[in-house]
Every structure is written in C-alpha cells, then in structure tokens.
Amino acid sequence: VRRSWLVGRLAGHIEHSRGDRAAVRTLLALPDRRLLAAVGGSRRHAIASELRRLDAVATLEGWKQAGATTFCCHSGSYPERLRRLPDPPAAIHVVGDAGRLAGLLTAPAVAVVGARRCSPDGAAMARGLGRGCSAAGVAVVSGMALGVDAAAHEGALEAGCLTVAVLAGAPERAYPARWRALHGRIAAGGAVLSEMPPGTASYRWGFPARNRIIAALSGLVVVVEARERSGSLITAEIAADLGVSVGAIPGSPGRPLSEAPNALVRDGAALVRDSEDVLEELLGIRVPRAPQTTIEPELAQVAAMVAGGADTPERIAAAGGTADGLLAALTRLELLGVVERRGAGRYVPGPTRWQPRAG
C-alpha cells in the first residue's frame, strides 16, 4: 500500500523527469528512497514525511470506497504472470468482480494492441480477433485506448466478455472519458486494472509503463496496424524480453499503419490473419477454417460496416450505408451466416467468412 501510494503521489514528478521510455521502467524498479531522490525534486523531503505518516489501513479503505480491490504483490491473489517482470507493480487495483479476475488471468490470454487512429479494416480485424478469441475461452487483454484497443474489447464483449483492460491511470476512471460506457461494460463482465491507485490522473509515462503489464499478462501479443514508432512496439519488445510470443497482422507495403506489423513479421513474429491463427499460435490448436462465401458488393459494404461496429440499421445508414433495401440486405446476410441478429435489433458478424464478388 505504501509503495503504491508513493508511485501515485510521484506520478506528476515522474512525468516531468521521465526521459525516454526505458527510463520509466528503470525509475519504477528503484526502491522508495532512491525513487524519491530521483524525481522528488524540492518536494522530496515533504513527500517522504507524508509517506512516514501514511495510515496504510485507512488508505486501503479509501481505495475500496473508490470502487477498487487492491492486491498486494505478497497476496496469493496477485496475478502470478506479473511476477516475471523485473519491475512488477507492488500492488494492482482492480475494478470489477475481484473473484472473476483470477479466472480471467489463469485462462490463456492474448494481448491485442495497435494504432489509436486505425483504419476501418484495422478496427474490424481487432474486433474479430477479440470476438473469436473470447468465444474460444481466451482472455483478451488490451489498454482500452481509441482504435484497435477499444475494438478488441468490443469484440470480446460481443462473445461473452472474457476481457481485461489495463489502464495507465486510476482504474475507476475511464480513459479516454468517452469510453465511460465501455469501461462500465468491461468492469461488469471482465476486469479493469491498473498499478496506479484510485484518484491518480493519467500521465504520458503511464502508457509505456502499463504496456509492460499488458505484455506480462499475455501468452501472445498481436499487433494490429501501427506506425514505425508506435507504442505498440513497446508492448511487443517487452513481450519478447519476457519470452512471450509476438504476432502481427501484415498489411500492404507502403502504408504507414503497416510499417510496424510488417517489420515484426520480417523479424520473425508470427503471421496472424484471424483468431484461428491466434489459437494455433497460443494453444497449438489448429482450427478448421470456415468456408468462405462470395457476396455481392452491396452486401459486402453492409457486412463490412457491421464488422466495423455499426450494429443497427440506423448506425449502418449513418456510416454511409444505403437506406434503400438495407433491411433486406441484413436479412440476406443473416441467412448466409455473415451476420447474426442479437437483442434490441443489434447485428454482429456471424461465423461465415466472406469476400466481395469481383465486379
């Protein structure tokens, strides 16, 4: 509790003196006194005095009142996979059913990471990975950021919510704020966790720091669309250092968002096309691929929008779909198994693989 409080208390100081990405992990590995000396500046003696006077029991109760369950690194409930880090968090703070976390973190797990400003195809791919892996009993770990992260969580939610979000700031606060509803859905059926205690703001240094947790919790890290200097590569590098497998979705050469995945594949990362490839790489299970059907371009446009997250006729129309004949198109796609209809008139991708008919 004291160490976790101290890291949260020094979060702003670490931001001002963080240096490069590697320096963050070096700082987090320092013992309390050296960490204070390194980043405390003129406030280090005052903060040291606060630390000496800290009431750990009252602090822990305050975190509980904020909605978080805290697991100390000495607890049997602390995620065993985090212990392989050279700088494991002293404690993790979890929002959601604490008992459920143990099941999530003992299941096979894949991290799906990538660009915040991904393409619609990248979002659809991440969503499909999340959905397919969760349906197969594989926990989907990501950082709840815009783009690829959120799409992967959404896919897992569609298949039963076997998903864990790792945040850079306080676990009870959605970041970005627009993801309040997503945060609530993950907490309700999965788990949201952070090494930062409740009430801590999100700082830039917290994102590369949380990436080491994402990597450590996973048995495979898959990069979906990322630029050459993307933060997703930090997760992949840490995973490789920990002996965790790395995979990537290859893309068209010359596209900026294909730079990082293509470089990873070139350097030996597993080539991932879909959740079947993830299951084979992670579990050694070769899943027979579903037959692929060919559909008219008009139907393919609607199917692609559903895969990208437009889950109602209204959202499909708003995303650029043609209103005329839309319900008929959805019905045809449902009969083909390309989409499935859920409650409240929502549509999600179905099991049938498809490709647009030429011409």
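This section reports on the structure supplied with the text. (Residues numbered from 1 in each chain as written. Predicted model: local features only at pLDDT ≥ 70, side-chain atom pairs only at ≥ 80, totals over all residues. Heavy atoms only, no water.)

**Describing the nonpolar core**
Stated precisely, the cut-off is as follows: Take the buried Ala, Val, Leu, Ile, Met, Phe, Trp, Tyr and Cys residues and link them wherever side-chain atoms come within 4.5 Å; each set so joined is a nonpolar core. Burial status follows relative accessibility: with a 1.4 Å probe on protein chains alone, a residue under 20% of its type maximum counts as buried, one over 50% as exposed, and anything between as partly exposed. Runs of E in the DSSP output that reach at least two residues are strands. Runs of H or I that reach at least four are helices, and both are numbered from the N terminus. Throughout, a residue-residue contact means that at least one pair of heavy atoms, one from each residue, lies within 4.5 Å.
With 38 residues, the main nonpolar core has L82, L101, V166, L193, L217 and L264 as its most contacted residues. Here this core gets 6 residues from one element, more than from any other, and that element is helix α12 (residues 232–242). Discounting residues that sit within four places of it in the chain, L217 has contacts with P79, R81, L82, R84, L105, A109, V141, V166 and L193. Core analysis: the second largest hydrophobic core is formed by 23 residues, V112, V138, L220 and L257 among them.

**Some details on the packing of helix α1 (residues 2–9) against helix α4 (residues 32–39)**
Test applied: To define axes, lines are fitted to C-alpha atoms, for helices over the stretch in contact only, and angles between the resulting N-to-C directions are given on a 0 to 180 degree scale. Here the word oblique covers every angle except those under 35 degrees (roughly parallel), over 145 (roughly antiparallel) and from 65 to 115 (roughly perpendicular). Under the scheme applied here, ten amino acids are nonpolar (Ala, Val, Leu, Ile, Met, Phe, Trp, Tyr, Cys and Pro), four are charged (Asp, Glu, Lys and Arg), and all others, including Gly, are polar.
One can describe the packing of α1 onto α4 by two numbers: an axis separation of 11 Å at closest approach and a directional angle of 5°. By the angle between their directions, the pair α1 and α4 is classed as roughly parallel. Along the contact surface, α1 presents R3, L6 and V7, while α4 presents D32, L35 and L36. For the contact of α1 with α4, a count of residues per class yields 4 nonpolar, no polar and 2 charged.

**Regarding the pairing of strand β6 (residues 191–194)**
Two faces belong to every sheet, and in a regular strand the side chains alternate between them. So the rule is basically this: Each pair of strands is called paired provided DSSP finds at least two bridges between the two strands. Every crossover in which the path from the first strand over the helix to the second runs clockwise, viewed with the strands pointing away from the viewer, is termed right-handed.
The side-chain alternation of β6 yields two buried faces, one formed by A191 and L193 and the other by V192 and S194. Relative to β6, strand β2 (residues 91–95) is paired through 3 bridges, and the arrangement is antiparallel. When the sheet's bridge partners are listed, H93 is paired in β6 with S194. Sheet analysis places strand β5 (residues 163–166) next to β6, joined by 3 bridges and oriented parallel. When the bridges of β6 are listed, A165 appears paired with V192. Crossover connection from β5 via helix α10 (residues 180–189) to parallel β6: handedness right-handed.

**Focus: the pairing of strand β3 (residues 109–114)**
In terms of residue burial, β3 counts as a mostly covered element, since 6 of its 6 residues are buried. Residues A109, A111 and V113 point to one face of β3 and V110, V112 and G114 to the other, with burial holding for every one of them. Of the strand pairs in this sheet, β3 and strand β4 (residues 139–142) are connected by 3 bridges, and their pairing is parallel. Note that in β4 the partner of A109 across the bridge is A139. Chirality of the crossover, the property in question, places the unit of β3, helix α8 (residues 120–135) and β4 among those that are right-handed. Note: β3 against strand β7 (residues 220–224), 5 bridges, orientation parallel. When the sheet's bridge partners are listed, V113 is paired in β7 with V223.

**Regarding the packing of aromatic side chains**
This is how the line gets drawn: Within 6.5 Å between ring centres, the rings of Phe, Tyr and Trp (the latter by its six-membered ring) count as paired, and their orientation is classed by plane angle as stacked under 30 degrees, edge-to-face over 60, tilted in between. Counted as over-ring charges are cases with an Arg CZ or a Lys NZ within 6 Å of the ring centre that also lie within 35 degrees of the ring normal.
In this structure the tally under the stated criterion is 1 aromatic pair. Between the aromatic rings of Y175 and F207, the centroid separation amounts to 5.6 Å while the plane-to-plane angle is 50°, which identifies the pairing as tilted. Separated by 32 residues along the polypeptide, Y175 in the loop between β5 and α10 and F207 in helix α11 (residues 206–216) bring together distant segments of the chain. For Y175, a relative accessible area of 42% corresponds to the partly exposed category. Owing to a relative accessible area of 16%, F207 belongs among the buried residues under this scheme. Here the basic side chain of R116 rests over the ring of F207, its NZ or CZ set 5.4 Å away from the ring centre.

**Thoughts on the side chain of D274**
What counts is decided by this rule: Think of a polar contact as two N or O atoms within 3.5 Å of one another; within protein, one of them needs to be a possible hydrogen donor and the other a possible acceptor, and neighboring residues in sequence only count if both atoms come from side chains.
Its place among the elements puts D274 in the loop between β9 (270–271) and α14 (275–283). Assessed through its relative accessible area of 9%, D274 is described here as buried. Polar side-chain contacts of D274 include one of 3.2 Å to the backbone nitrogen of E276.

**Describing helix α5 (residues 44–53)**
Buried within α5 are the following residues: I47, A48, S49 and L51. On its buried face, α5 sits against α1, α2 (11–16) and α4.

What is shown is where atoms sit, not what they do.
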